[in-house]
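# Structural overview for review
The chain contents come next:
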Amino acid sequence: MRHIVTKKIALTAALKTRLLKWAQQFEEVVWLDSNNHVDRNSTFKAILAVDAFTAIKTDSQNAFDKLEEYQTRSKDWLFGYLSYDLKNDVERLTSKNFDGLGFPDLYFFQPKKVFLFSDTEVTLQYLNMVDDEVESDWEEILKTPKFDEHTISESIKIKLRTSKDAYATQVGKMLSHIHRGDIYEANFCQEFFAENVTLDPVRSFIHLNEISTSPFATFLKLNKHFALSASPERYLKKTGTTLVSQPIKGTAKRLQDVIADEKMVAKLQEDPKERSENIMITDLVRNDLSRIAEKGTVKVDELCKVYSFKQVHQMISTIRCEVANDVTPSTILKNTYPMGSMTGAPKVAAMKIIEQLEDAKRGLYSGAIGYFTPVGDFDFNVIIRSILYNEAKKYVSFSVGGAITANSIIENEYEECLVKAKAMREVLERV
């Protein structure tokens, strides 16, 4: 039973910093921030969950069954992540590439404390509350000092797991598969990394969020594992019997000149290659949803609509459907995972080729972070534009990728990767 208290409060940048700094006393932290993006599909402006009462951590074997058992047993708020490599639970696949991060394949926790922010108030839900714990915590949060703005972090030297020449070779092999008809499209990713790194995760996340201000920003801390995400993409949201997926395919860089930037939007909107990428993945998502949707309910609300963010313009489609009341959240996730935008078409064939050609295990990158509510609703983003950090190993990593189709030009695909990498590189290198 949760004790619930509501307070009138404006969620300012200063309060966000105080909340994140205060939360670091706990081993488990998830912060989800919409950054005030207007989204009719969103329920909360921001959420903070801290301090595990119970938790589940597992590899990919039978992971979705274990998650369903855990959720059924707890019937409470759960926060955590699904790694990309849960593909091995969904299909007969493996992950044998190099893994410098060492994140578990699945990790969720039942938080003792949940903070739910709307435009004008915060609702605090505490499990097994002691005396006036809510009031004492809130006082402590408001007294938490801000950062010393004069402190300068050490620059981190970023290395490439895949050289530019190796990238060209591997994408060339992927194009051969496409021209042969093995696949139509696949997402090829590369890792940027640094070793022997000491990182300030909160400061780095705040910097990343200032640069990108994305609608699915996430700070995750699970013991020594951190994810600092500026994701613009929603994987899947469930509200009652309604599911919404919003895959991204199609990227263009922002320009400082307003007129030139508007032309860039128009160019992206009409680009036949970008549109074909998006439409193929939209069809894949429709097919995934149709496995568990009520017959005739899968609809495309928006097709190839361009949304603008601080760093990039993105082409996003929105697909919606209805599911029966007895379809469990884990069943929904298992039938749609991994998300189409990070795999390809046909999905299983694309994932096999991706595993052969990429140099690093994806892990949490291109997986999902999110939450389940006590009634079984959920919302998950896609972990892209994200810095991942293993504090114990002192290993930091970010990965970027793009969709390869028959019309792909290798040099252009590589340049698009550099555009996507810009914000993470800036945070780590302090450029």
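Located above this text is the structure these notes cover.
Read on for an overview of the structure. (Residues numbered from 1 in each chain as written. Predicted model: local features only at pLDDT ≥ 70, side-chain atom pairs only at ≥ 80, totals over all residues. Heavy atoms only, no water.)

## Re the state of the cysteines
Put simply, the rule is: The disulfide criterion is simple: two cysteine sulfur atoms within 2.5 Å. Only protein chains enter the accessibility calculation, which uses a 1.4 Å probe; a residue is then buried when its area is under 20% of its type maximum, exposed when over 50%, and partly exposed in between.
A full pass over the atoms with the stated rule returns zero disulfides. No disulfide involves Cys304; its nearest neighbouring cysteine sulfur is the one of Cys321, lying 19 Å away. In this model Cys417 remains outside any disulfide bridge; the closest cysteine sulfur is found in Cys189, 7.6 Å from its own. On the basis of relative accessible area, Cys417 is assigned to the buried category, the value being 2%.

## Some thoughts on the layout of surface pockets
For clarity, the cut-off: Cavities and pockets were defined on a 1 Å grid built from protein atoms only: a cavity is a group of points that admits a 1.4 Å probe but offers it no way out, a pocket is an open group of points flanked by protein on both sides within 12 Å along at least five of seven lines, and a lining residue is one with an atom within 4 Å of any such point. Grid points are joined across faces, edges and corners, and a volume is the space filled by probe spheres set on the points. The numbering of helices and of strands both runs from the N terminus, where a helix is a DSSP run of H or I of at least 4 residues and a strand a run of E of at least 2. Residue type decides the class: Asp, Glu, Lys and Arg count as charged, Ala, Val, Leu, Ile, Met, Phe, Trp, Tyr, Cys and Pro as nonpolar, and the leftover types, Gly among them, as polar.
Taken as a whole, the second largest pocket encloses approximately 490 Å³ of empty space. Lining the second largest pocket are 17 residues, and of these Thr251, Ala252, Glu274, Asn412 and Glu416 sit closest to its centre. Counting only elements with at least two residues in the lining of the second largest pocket, the list comes to β13 (248–253), α7 (258–270), α8 (272–290) and α11 (410–429). Tallying contributions element by element places α11 first for the lining of the second largest pocket, with five residues. Taken together, the residues of the lining of the second largest pocket break down into five nonpolar, four polar and eight charged.

## A few points about the packing of aromatic side chains
Working definition: an aromatic ring pair is given by the centre-to-centre distance plus the angle between the planes. Defined as follows: Under the pairing criterion, centres of Phe, Tyr and Trp rings, with the six-membered ring standing for Trp, must be within 6.5 Å; the plane angle then separates stacked pairs below 30 degrees from edge-to-face pairs above 60, leaving the rest tilted. Only Lys NZ and Arg CZ are tested; either one counts as a charge over a ring when it is within 6 Å of the ring centre and within 35 degrees of the ring normal.
By the definition in use, this model includes 27 aromatic pairs. On the numbers, 6.0 Å between centres and 20° between planes, the contact of Trp77 with Phe79 is stacked. Look at Trp77 and you get buried, because its relative accessible area is 5%. Residue classification places Phe79 among the buried residues on the basis of a relative accessible area of 0%. Consider the rings of Phe192 and Phe398, whose centres lie 5.0 Å apart with planes at 5°: the pair is stacked. Pair noted here: Phe192 is in strand β8 (residues 185–194) and Phe398 is in strand β20 (residues 395–404), with a separation of 206 residues, a long-range link. Residue classification places Phe192 among the buried positions, given a relative accessible area of 1%. Ring-pair connections join several aromatic residues into one group, and the members of that group are Trp22, Phe26, Phe115, Tyr126 and Trp138. The ring centre of Phe193 lies 3.9 Å from the NZ or CZ of Arg161, which sits over that ring. A cation sits over an aromatic face here: Arg362 above Tyr84, 4.4 Å from the ring centre.

## A look at the nonpolar core
Stated precisely, the cut-off is as follows: Only buried residues count toward a nonpolar core. Its members are Ala, Val, Leu, Ile, Met, Phe, Trp, Tyr and Cys residues joined through side-chain atoms within 4.5 Å. The criterion used for residue contact is that any of the two residues' heavy atoms lie within 4.5 Å.
Counting 66 residues, the largest nonpolar core has Trp31 and Phe115 as the members making the most contacts within it. At seven residues, the largest contribution of residues to this core is made by α11. Not counting chain neighbours up to four residues away, the residues in contact with Phe115 comprise Trp22, Ala46, Ile47, Leu48, Val122, Thr123, Leu124, Tyr126, Trp138 and Ile141. Counting 62 residues, the second-largest nonpolar core is a separate cluster that includes Phe64, Ile292, Leu333 and Ala345.

## Some remarks on unusual backbone geometry
Excluding glycine, residues mostly carry a negative phi; peptide bonds, for their part, are mostly trans. In the segment running from Tyr337 into Pro338, the intervening peptide bond is cis, with an omega of -10°. Relative to the helices and strands, Pro338 resides in the loop between α9 (329–336) and β16 (344–345). A cis amide bond links Ala345 with the next residue in sequence, Pro346, at an omega value of -10°. Mapped onto the secondary structure, Pro346 falls in the loop between β16 and α10 (347–357). Not every positive phi belongs to a glycine, and Asn62 is a case in point at roughly 55°. Looking at the element boundaries, Asn62 is found in the loop between β3 (46–58) and α2 (63–74). Take Asn62: its relative accessible area is 41%, and that puts it in the partly exposed class. At Cys304, a position not held by glycine, the phi torsion is positive, near 60°. Mapping Cys304 onto the fold places it in strand β14 (residues 299–308).

## Section: the packing of helix α1 (residues 13–23) against helix α6 (residues 201–212)
Put simply, the rule reads: Convention adopted: a line fitted to C-alpha atoms gives each axis, helices being fitted over their contacting stretch, and angles between N-to-C directions are expressed from 0 to 180 degrees. For classification purposes, an angle smaller than 35 degrees is called roughly parallel, one larger than 145 roughly antiparallel, one from 65 to 115 roughly perpendicular, and anything else oblique. It is the rotation of the near helix from the far one that decides the hand of a crossing: anticlockwise by less than a right angle makes it left-handed, clockwise makes it right-handed.
One way to put it is that α1 packs onto α6 with a least axis distance of 10 Å and a crossing angle of 155°. As summarised for this structure, α1 and α6 are arranged roughly antiparallel, according to the angle between their axes. Of the two possible hands of crossing, α1 and α6 adopt the one that is right-handed. Residues Thr17, Leu20 and Lys21 of α1 pack against Val202, Phe205 and Ile206 of α6. Residue composition of the contact of α1 with α6, grouped by class: four nonpolar, one polar and one charged.

## Description of the pattern of salt bridges
Note the following rule: By definition here, a salt bridge exists when the distance from a side-chain nitrogen of Lys or Arg to a carboxyl oxygen of Asp or Glu is within 4 Å.
Counted under the stated rule, the structure contains 33 salt bridges. Its salt-bridge partner being Lys112, residue Asp51 comes within 3.8 Å of it at the nearest N-O pair. A residue pair is termed long-range when its members are at least 10 positions apart, and Asp51 in strand β3 and Lys112 in strand β5 (residues 106–117) qualify at 61 residues. The partner of Arg425 in a salt bridge is Glu429, and the shortest N-O contact between them spans 2.9 Å. Separated by four residues within a single helix, Arg425 and Glu429 lie in helix α11, roughly one turn from each other. When salt bridges with common partners are traced through the structure, they connect Asp99, Asp105 and Lys361 into a single cluster.

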